[in-house]
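What the coordinates show
Letter by letter, the chains look like this.
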Amino acid sequence: MAAAGPSVFLLMVSGQVESAQFPEYDDLYCKYCFVYGQDWAPTAGLEEGISQIASKSPDVRQALVWNFPIDVTFKSTNPFGWPQIVLSVYGPDVFGNDVVRGYGAVHVPFSPGRHKRTIPMFVPESTSKLQKLTSWFMGRRPEYTDPKVVAQGEGREVTRVRSQGFVTLLFNVVTKDVRKLGYDTGPVDMQGVSGPSLPQGLPQ
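None of these values were measured; they are calculated from a predicted model.

Things to note about the overall build of the chain
Along its length, the chain carries two helices and nine strands. N-terminal to C-terminal, the α/β element order of the chain is β-β-β-β-β-β-β-β-α-α-β. For the chain, the proportion of contacts with a sequence separation of at least 24, taken over those separated by at least 6, is 73%. Of the roughly 11400 Å² of accessible surface on the chain, a fraction of 55% belongs to carbon and sulfur atoms.

This is the structure in structure tokens:
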């Protein structure tokens, strides 16, 4: 029986949280999660993860190398709410408490292929000297209760932040049926190209 045209398209994202530069800090780990619109649903893979702790490389770059894999597939009926990946980096303070060392977010690249992104990270700041002193003594730094707020933008302008470090990501992006639904993602659509096979039994 001939199937009707596709009603959903697929976005397959693999790659890795490759490395970070945080000149002031060492022994850091990274958490990631995806944020996406209500028409999107993950169908395979993991939409969040936590890396191992990395120490600075002994060379001049002093990079923190995680090479932590990303692998997730989404389906959607429209591109609104295209997924973003939100990163949170943590490490020990002088008292040995895990504190946030940076937040950042970036959209998954729209066009298929291999992409590298370097994301500037930031941390929320205490708004007064007294708060700064108190948080230092208590070993607690300002942080977001839900890191996904980083991807939303609303309300973030009321938070004081300070830039701090960079994280480099590698993305391999494959799309399926995006063109058939009338959306153009760039010069190459991977429909005719052999790529990772689609997971079996995707919910319709």
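From this point, the narrative continues.
A few points about the pairing of strand β1 (residues 9–21)
Counting buried positions over the 13 residues of β1 gives ten, a clear majority of the element. Sheet topology note: the β1/strand β5 (residues 64–76) ladder contains eleven bridges and is antiparallel. Note that in β5 the partner of Leu 11 across the bridge is Phe 74. Direction of pairing for β1 relative to strand β9 (residues 161–176): antiparallel, over a ladder of eleven bridges. Pairing of Ser 14 across the sheet is with Asn 172, part of β9.

Considerations on the pattern of salt bridges
Think of it this way: side chains of opposite charge can pair up when their charged atoms draw near. Here the structure, examined in full by the defined rule, presents three salt bridges. As a salt-bridge pair, Glu 18 and Lys 116 come within 3.7 Å of each other at their nearest N and O atoms. Of this pair, Glu 18 sits in strand β1 while Lys 116 is found in strand β8 (residues 113–124), placing the two residues 98 residues apart along the sequence. Overall, Glu 18 belongs to the buried group, its relative accessible area being 17%. Using a relative accessible area of 52% as the deciding quantity, one classes Lys 116 as exposed. Two residues, Arg 61 and Asp 59, come together in a salt bridge whose shortest N-O distance is 3.8 Å.

With respect to the state of the cysteines
According to the stated counting rule, one finds zero disulfides in the structure shown. There is no disulfide at Cys 30, and the cysteine sulfur nearest it, in Cys 33, is 9.9 Å away. Of the residues examined, Cys 30 reaches a relative accessible area of 1% and is grouped as buried. A residue is classified by how much of its surface remains accessible, and Cys 33, at 11% relative accessible area, is buried.

Comments concerning the confidence of the model for the chain
Close reading of the predicted structure is inappropriate where its pLDDT is low. On average, the chain scores 81 in pLDDT, and the residues at 70 or more come to 74%. Considering each helix and strand of the chain separately, the mean pLDDT is smallest for helix α1 (residues 129–138), with a value of 54, and largest for β5, with 97. In the predicted structure, residues 188–204 sits below a pLDDT of 50 and forms 27 contacts with residues beyond four places in sequence or in another chain.

Concerning the nonpolar core
The biggest cluster of nonpolar side chains holds 32 residues, and the ones touching the most others in it are Val 17, Phe 22, Trp 66, Ile 85, Leu 87, Val 167 and Leu 169. For this core, the elements supplying multiple residues, two or more each, are β1, β2 (29–35), β5, β6 (84–92), β8 and β9. If one sorts the elements of this core by residue count, β5 sits on top with six residues. Apart from the residues within four sequence positions on either side, Trp 66 is in contact with Val 17, Glu 18, Ser 19, Ala 20, Leu 28, Tyr 29, Cys 30, Ser 51, Gln 52, Ala 54, Val 89 and Val 167.

Describing the packing of aromatic side chains
Under the counting rule described, the total for this entry stands at eleven aromatic pairs. Both rings, one in Tyr 32 and one in Phe 34, keep their centres 5.9 Å apart while their planes meet at 80 degrees; by these two values the pair is edge-to-face. Neither Tyr 32 nor Phe 34 differs from the other in exposure class; each is buried. Ring centres of Trp 82 and Phe 110 lie 5.1 Å apart, and the angle between their planes is 50 degrees; this geometry places the pair in the tilted category. Taken together, the residues span a long stretch of sequence, with Trp 82 in the loop between β5 and β6 and Phe 110 in the loop between β7 (98–107) and β8 at a distance of 28 residues.

Here's the deal with unusual backbone geometry
For Asp 27, which is not glycine, the phi dihedral falls at a positive 55 degrees. Within the secondary structure, Asp 27 is located in the loop between β1 and β2. Of note, Asn 67 is a non-glycine position whose phi angle comes to about 45 degrees, a positive value. In this fold, Asn 67 is placed in strand β5.

Cut-off values and rules
Residues numbered from 1 in each chain as written. Predicted model: local features only at pLDDT ≥ 70, side-chain atom pairs only at ≥ 80, totals over all residues. Heavy atoms only, no water. Helix = DSSP H or I, 4+ residues; strand = E, 2+ residues; numbered from the N terminus. Contact = heavy atoms within 4.5 Å. Areas by Shrake-Rupley, 256 points an atom, 1.4 Å probe, with all protein chains shown as cover. Buried < 20%, exposed > 50% of the residue type's maximum accessible area, 1.4 Å probe, protein only. Pairing = 2+ DSSP bridges. Salt bridge = Lys/Arg side-chain N within 4 Å of Asp/Glu carboxyl O. Disulfide = S-S within 2.5 Å. pLDDT = per-residue confidence, 0-100. Core = buried A, V, L, I, M, F, W, Y, C linked by side-chain atoms within 4.5 Å. Phe/Tyr/Trp six-rings, centres within 6.5 Å; stacked < 30°, edge-to-face > 60°.

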